[in-house]
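One letter stands for each residue in the lines below.
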Protein chains: 4
Amino acid sequence: MASAVLLLSCPDRRGIVAEVANFILEHDGNVLHADQHVDHLDGVFFQRVEFDLDSFALGRDDIWPAFAPIADRFAMAAVLRFSDDRLPAAFLASRQPHCLDDLLMRWHSGELPCDLRVVISNHDDHAALCESLGVPFRHLPMTPETKPAQDAALLDHLRSYDVELVVLARYMQIVPPSVTAAYANRIINIHHSFLPAFIGANPYRQAHERGVKLIGATAHYATDDLDEGPIIDQETARVTHRDDVARLTRAGRDLETAVLARAVRAHLEHRVLVYGHKTVVF
Amino acid sequence: MASAVLLLSCPDRRGIVAEVANFILEHDGNVLHADQHVDHLDGVFFQRVEFDLDSFALGRDDIWPAFAPIADRFAMAAVLRFSDDRLPAAFLASRQPHCLDDLLMRWHSGELPCDLRVVISNHDDHAALCESLGVPFRHLPMTPETKPAQDAALLDHLRSYDVELVVLARYMQIVPPSVTAAYANRIINIHHSFLPAFIGANPYRQAHERGVKLIGATAHYATDDLDEGPIIDQETARVTHRDDVARLTRAGRDLETAVLARAVRAHLEHRVLVYGHKTVVF
Amino acid sequence: MASAVLLLSCPDRRGIVAEVANFILEHDGNVLHADQHVDHLDGVFFQRVEFDLDSFALGRDDIWPAFAPIADRFAMAAVLRFSDDRLPAAFLASRQPHCLDDLLMRWHSGELPCDLRVVISNHDDHAALCESLGVPFRHLPMTPETKPAQDAALLDHLRSYDVELVVLARYMQIVPPSVTAAYANRIINIHHSFLPAFIGANPYRQAHERGVKLIGATAHYATDDLDEGPIIDQETARVTHRDDVARLTRAGRDLETAVLARAVRAHLEHRVLVYGHKTVVF
Amino acid sequence: MASAVLLLSCPDRRGIVAEVANFILEHDGNVLHADQHVDHLDGVFFQRVEFDLDSFALGRDDIWPAFAPIADRFAMAAVLRFSDDRLPAAFLASRQPHCLDDLLMRWHSGELPCDLRVVISNHDDHAALCESLGVPFRHLPMTPETKPAQDAALLDHLRSYDVELVVLARYMQIVPPSVTAAYANRIINIHHSFLPAFIGANPYRQAHERGVKLIGATAHYATDDLDEGPIIDQETARVTHRDDVARLTRAGRDLETAVLARAVRAHLEHRVLVYGHKTVVF
């Protein structure tokens, strides 16, 4: 049972909801889910509508041409997706395995609706697991000398695999501006703190030194301004004086894993809209 | 800035969203919030639409007559409310003060948008506080002999104060069928467990004996079938082997207070729809 | 059934647990609860031991003299408290009532084991409620001109009421150094964010602008370095794009209320030890 | 840096803490962590003490003989473990991969301190992953006819691999009494509900029908009395009317995975004591 998803935003004005609803109705569509939001401060309207394709009067290729005049009239940023499309994705990791392993297992069990094209790492620790799962693995070892060349290779790989979503699964290298520019709002990173607390290096050490009673993790779209990209999801967990840096780090790994998986799933299900440096997650 | 809220449910079919959207649009309305849900299993459509009254072309008294034909056509159960209406309410309590005190303070600070008409209790512990807050207090002492007469008095009080919402803030008496019948889906009770676990008496003792690692609280609409009414909200909190029954009870009080307040607020903001023995909380 | 609580910290070395355990054993004491912690990084030992007074061979006044040699030998910072002692307390508030009301109700119902001596505010909004509860209320209206004099009056009030714990229940005035110095580690403040995120003014506005998916509240001991004092407790709650600043603020109020009450209770039950700018909460 | 863990319980009486502390002190031990608990209702004392082996005057094999007289005198149930011992373990699974995959990845990354001897399943879906990780895999297909023989084979496998901990990672077969008897308090099961709510089959369907606002998962020691074994850990997650059975199930999988991993880790770190049908988790 495939469905279509319209994900749109535009300046808020009267009649948008009615217009979209009428469009679907006129073509015998059946709304499965609909969610909308207005940011009254900025005057922006957001909507996600999912409708059944079985009964729909238009073929897949005819939907966008039919909808485009509406999108134009309201100056919409609009995207049309189909639920059985699987976004081509790349997972990037460094040495730490927890986020990558979790994403690989979720993909392997069919839970993450993406077309995993490649895993890329600056270490080769994950090569064997990827091979056993039938996922291409690319090793890009990084030294200060090789980094420029490897960053170029990274972009080449992403392009040659025709990737549409990049997941930084505890990838400890700076992603070069060439990549962040090419994949704006399509790179999901996991930061190991409750941003904006403890930006920068060693957040668990910072958390321990400050004596906080909660630690956190934040999934966000990567931008050149490190740790400042639009936040998709966050979570915290309770800690106590008993938790030294090592235990904070271990507890944090479970948070990072869970939050990153949720954020990736939301993106793959076309439930995230970015505006300014914020997100709407339907 | 007053707004109108349409809260409606009906058999699911095409065109409802468009119809409601067009109705608001045609009368120059501005949708502030809209949320809908379809229970595909039962084929029921639910919607909550909140729209601005300032720009609306119809006066308050003219809205319902204009909307009624739509409600009829779709066989809707529909309610129209205005955001500045304050539901007349009664709070019922027994000896334990935590839920009642919290609700009174929230009402006193203007946070609970209700018109508190009366507090009724089978004990007089709360009389002084009510008096100091200017809230009428009715004492209905209960003994096995007086209960029938007092239950009748209870119904009389609710009627004479023209109450539309009854909150059982740890009211330890059985509410008589005459009252549950007269106020169906308009009596909110707080049960001190994560229903359906630990129904019946002494849930914290039951929880302690079972050795659970979480305790809970459940706010639900009261029905004659005790602990079985439609659930509005629930919450749990972590406990350990260190928590004896007294500590479980104390931790539970904070849960009860928080969950009941949230459920009452959701009801007062016209965000709850009941169907069967379930709720949709928008 | 009164009990005694020993709350102690000292440089970590062998034999402390045995020494304390033997002290209690030799005087026929019965340990009710015991908890210890070692900060291996800083080499500090912490312990909280609660033991029964009924069977204890020493009278209340004789316990400290008997224990003092042990405290000396291990260079302990040690405090002896009795469970039926009720700390003399003052609550300070400004206009917002939620934290103050909650604390007053918890004190009124006997849940907060303190001897509430006075409520002090720079507004007189809370005078009536305090009066109805029989709590002395002092009004210290603040203007830029009167602040120096009123700050002096504040310290005078705290001293004349012989207060041992000051709770800042959303007190929006800067507490003067004279007071923070006199009540070091005895002033509990509630900050309306997950510190160290969003220090400074308007944290809910900051949170909204950053687009976070969680908001938080932090209870900490007040120091002159604003928002930097030792953290006692923290909590977060999930928010979404739907929550504007007003809704964030309202959701935040519930967090602030809950976190502050928990922190005050921990202090009153002699479960908090401060070291450096951190706490151990047993 | 290896350490020793004493995990003990006995009838509560004076002097236990002092005795254990003195034992460690006399042999130049250094307490790393200590935690104790008294169930005053049942009069049972519990303790977990972890101490450094580096400085300890006794060799590993001499510790128990030296401690045994104390254990005898207080009628202790006592266990001595070493932190670098890795319990021999077996993971059992059926078709659903989420819990098994997660445990395998945690073991693979070194996070779960066990010696994984074998994975056993009534389906062969997991054979390839196990092989790629170098874990022996045993396939025991079950039909009503073969179940008795396969149950015997199961016990044989567990014995031949000398297993000390069995983890039921969504193993959908009834574990035979021969196995539960042989591995009392050493089989950890994950139940997909917040026990004792929704015992029996299809808990997510039951949860959906009841209209709960939270779902849960429970890790417990398996006993012959299904769903009644001692609870080790539980967790809940918020759901709404939007979550149909499929979405509840998916959300539940993340809970099951997290709760089972935590419970297994607690067992492997010798932090769980069972008494009656409850646990103390230090």
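Above: the structure in question.
The text that follows walks through the structure, step by step, so that each part is easy to find.

Parameters at a glance
- Residues numbered from 1 in each chain as written.
- Chains lettered and ligands numbered in written order.
- Predicted model: local features only at pLDDT ≥ 70, side-chain atom pairs only at ≥ 80, totals over all residues.
- Heavy atoms only, no water.
- Helix = DSSP H or I, 4+ residues; strand = E, 2+ residues; numbered from the N terminus.
- Rg over C-alpha atoms; globule rule 2.2 N^0.38 Å.
- Buried < 20%, exposed > 50% of the residue type's maximum accessible area, 1.4 Å probe, protein only.
- Contact = heavy atoms within 4.5 Å.
- Areas by Shrake-Rupley, 256 points an atom, 1.4 Å probe, with all protein chains shown as cover.
- Buried area = accessible area lost by both parts, 1.4 Å probe.
- Salt bridge = Lys/Arg side-chain N within 4 Å of Asp/Glu carboxyl O.
- Nonpolar A, V, L, I, M, F, W, Y, C, P; charged D, E, K, R; others polar.
- Polar contact = N/O pair within 3.5 Å; in protein donor to acceptor, adjacent residues only side chain to side chain.
- Least-squares fit on C-alpha atoms with pLDDT ≥ 70 in both.
- Phe/Tyr/Trp six-rings, centres within 6.5 Å; stacked < 30°, edge-to-face > 60°.
- Lys NZ or Arg CZ within 6 Å of the ring centre and 35° of its normal.
- Pairing = 2+ DSSP bridges.
- Axes fitted to C-alpha atoms, helices over the stretch in contact; angles between N-to-C directions.

Next up on the list: the overall build of chain A. Scanning chain A from N- to C-terminus turns up eight helices and 13 strands. Against the compact-globule benchmark of 19 Å for 282 residues, chain A has a radius of gyration of 21 Å, which places it among compact chains. Seen along its three principal axes, the alpha-carbon backbone of chain A occupies a region of about 60 × 40 × 35 Å. Within chain A, the proportion of its 282 residues that are buried is 59%. In chain A, once contacts between residues fewer than 6 apart in sequence are set aside, the share between residues at least 24 apart is 66%. Working note: accessible area of chain A is about 10900 Å², and carbon and sulfur atoms make up 51% of it.

What follows is about the interface of chain C and chain A. Contacts between chain C and chain A engage 35 residues on the former and 35 residues on the latter. When chain C packs against chain A, close to 3100 Å² is buried across both sides, 52% of that on carbon and sulfur atoms. Counting the contacts that link chain C with chain A gives eight salt bridges. Those elements that place two or more of their residues in the side of chain C that touches chain A are β2 (31-39), α7 (203-210), β11 (231-238) and β13 (278-281) of chain C. Per-element tally for the side of chain C that touches chain A: the top contributor is β11(C), with seven residues. Here the residues of the side of chain C that touches chain A sort into 13 nonpolar, 10 polar and 12 charged.

Listed per partner, the contact involves 16 residues of chain A and 16 residues of chain B. Summed over both partners, the interface of chain A with chain B buries about 1500 Å², with 54% contributed by carbon and sulfur atoms. Connecting chain A to chain B are zero salt bridges. The interface formed by chain A and chain B contains seven residue pairs in polar contact (both at pLDDT 80 or more). Counting only elements with at least two residues in the side of chain A that touches chain B, the list comes to α1 (16-26) and β2 (31-39) of chain A. Counted by class, the side of chain A that touches chain B contains six nonpolar, seven polar and three charged residues.

Moving on, we come to the relation of the copies chain A and chain B. When chain A is brought onto chain B, the operation consists of a screw motion whose angular component is 180° and whose axial shift is 0.0 Å, with 0.0 Å RMSD remaining. Taken together, these values place the two copies in the relation of a two-fold axis. No C-alpha of chain A approaches the rotation axis more nearly than that of A:Ala18, which lies at 2.6 Å. In this assembly the copies share their binding face: 100% of the residues contributing to the interface of chain A also contribute to that of chain B.

This part is about the pattern of salt bridges. Under the defined criterion, the tally for this structure stands at 88 salt bridges over all chains. For the salt bridge of B:Arg210 with D:Glu228, the shortest nitrogen-to-oxygen distance reads 3.8 Å. Pair noted here: B:Arg210 is in helix α7 (residues 203-210) and D:Glu228 is in the loop between β10 (214-221) and β11 (231-238), and the two residues belong to different chains. You can call B:Arg210 buried: its relative accessible area is 8%.

As a further point, take the packing of aromatic side chains. Overall, the coordinates contain 22 aromatic pairs over all chains when judged by the stated rule. Between the aromatic rings of A:Trp64 and A:Phe67, the centroid separation amounts to 6.1 Å while the plane-to-plane angle is 45°, which identifies the pairing as tilted. Highlighted residues: A:Trp64 and A:Phe67, both in helix α2 (residues 60-73), separated by three residues, approximately one helical turn. A residue is classified by how much of its surface remains accessible, and A:Trp64, at 35% relative accessible area, is partly exposed. On the basis of relative accessible area, A:Phe67 is assigned to the buried category, the value being 1%. Through a chain of ring-to-ring contacts, three or more aromatic side chains come together here, namely A:Phe23, A:Phe51, A:Phe56, A:Trp64 and A:Phe67. One cation-aromatic arrangement involves B:Arg60 over B:Phe82; the distance from NZ or CZ to the ring centre is 4.8 Å.

As a further point, take the sheet that holds strand β9 (residues 187-191) of chain D. As a general point, the strands of a sheet are linked pairwise by backbone hydrogen bonds and lie either parallel or antiparallel. Residues and elements named next belong to chain D. The strand order across the open sheet formed by seven strands is β7-β6-β5-β8-β9-β10-β11, and the pairing between neighbours is mixed. The open sheet has two free edges, formed respectively by β7 (137-139) and β11, since each of these has just one partner strand. On average, adjacent strands in this sheet sit at an angle of 20° to one another, irrespective of strand direction. Across three bridges, the pairing between strand β6 (residues 114-121) and β7 is parallel. Directly across from Ile120, in β7, lies its bridge partner Arg138.

The operation relating chain C to chain A is a screw motion whose rotation component is 180°, with 0.0 Å of axial translation and a residual RMSD of 0.0 Å. In this assembly, 100% of the residues forming the interface of chain C have copies in chain A that are likewise at the interface, indicating an isologous arrangement.

Relative to the helices and strands, B:Leu32 resides in strand β2 (residues 31-39). Taking C-alpha positions, B:Leu32 is 9.7 Å from B:Val5, a pair spaced 27 residues apart along the chain.

All right, on to helix α3 (residues 98-108) of chain A then. Residues and elements named next belong to chain A. Buried residues dominate α3, accounting for 10 of its 11 residues. Turning to α3, its buried residues number three or more, namely His98, Cys99, Leu100, Asp101, Asp102, Leu103, Leu104, Met105, Arg106 and Trp107. One or two steps after α3, the chain reaches Gly110, where phi turns positive at roughly 85°.

A regular strand carries its side chains on alternate faces of the sheet. Sheet topology places strand β2 (residues 31-39) of chain D next to strand β3 (residues 44-52) of chain D; eight bridges connect them, and they run antiparallel. Looking at the pairing, D:His33 lines up with D:Glu50 of β3(D).

So far we have only geometry, and geometry alone does not tell us how the molecule works.
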